[in-house]
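Listed below, chain by chain, are the residues.
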Amino acid sequence: MKKNGEEEKIKYILTDPKLSAVKAMLEKDHAIDCIFLLHVSRGKWKEAKDFMRNNKLTLSDGTFRSRMIEIEQLGLAESKRIDPLKKYYVITELGEKVAELLLGFFDEIDV
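Quick summary incoming for the structure in this document. Quick caveat, the model's predicted, so the values are computed rather than measured.

### Side note on helix α5 (residues 61-73)
An ideal rise of 1.5 Å per residue puts 18 Å on 13 residues; α5 measures up with 18 Å between its terminal C-alpha atoms. For α5, every residue scored as buried is listed here: Thr63, Phe64, Arg67, Met68, Glu70 and Ile71. Looking straight down α5, one finds that the buried residues subtend no more than 165 degrees of arc, so they occupy a single side. Residue Gly75 follows α5 closely and has a positive phi angle near 85 degrees.

Set out below in structure tokens:
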């Protein structure tokens, strides 16, 4: 059995409104893809679509928009208006921190 401190930390992550919202967002389809797209300055749909296609990956317009809205609501990105109907997203300082942590995580498990 794990130490009581770790159990408390896990309980906190699962019940804290902000942390549980980040956890829930990361569990969704293409959430990590979208954070990485923001990290490499591909927060506009056309740029994101081209990046994914060039790497033989898929990402629908609806999924991209849904994840970006959630990511923005969590403070990991901000939207900028292109015109009255279109916008693009830029990563925030907190979003950069999350992206860097995710990159570090994948580095650690890439054996």
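Moving on from the model shown.
### Thoughts on the packing of aromatic side chains
Following the criterion strictly, the structure yields three aromatic pairs and no others. Geometrically, the ring pair formed by Phe36 and Phe106 is edge-to-face, given 6.3 Å between the ring centres and 65 degrees between the ring planes. You can see Phe36 sitting in helix α3 (residues 31-39) and its partner Phe106 sitting in helix α6 (residues 93-109), a full 70 residues away along the chain. Here Phe106 falls in the partly exposed class, since its relative accessible area comes to 36%. With 5.3 Å between their ring centres and 45 degrees between their planes, Trp45 and Phe64 make a pair best called tilted. Here Trp45, found in helix α4 (residues 45-54), pairs with Phe64, found in helix α5; they are 19 residues apart in sequence, far enough to count as distant.

What counts and how
Residues numbered from 1 in each chain as written. Predicted model: local features only at pLDDT ≥ 70, side-chain atom pairs only at ≥ 80, totals over all residues. Heavy atoms only, no water. Helix = DSSP H or I, 4+ residues; strand = E, 2+ residues; numbered from the N terminus. Expected span 1.5 Å × (residues − 1). Buried < 20%, exposed > 50% of the residue type's maximum accessible area, 1.4 Å probe, protein only. Arc of directions from axis to C-beta. Phe/Tyr/Trp six-rings, centres within 6.5 Å; stacked < 30°, edge-to-face > 60°.

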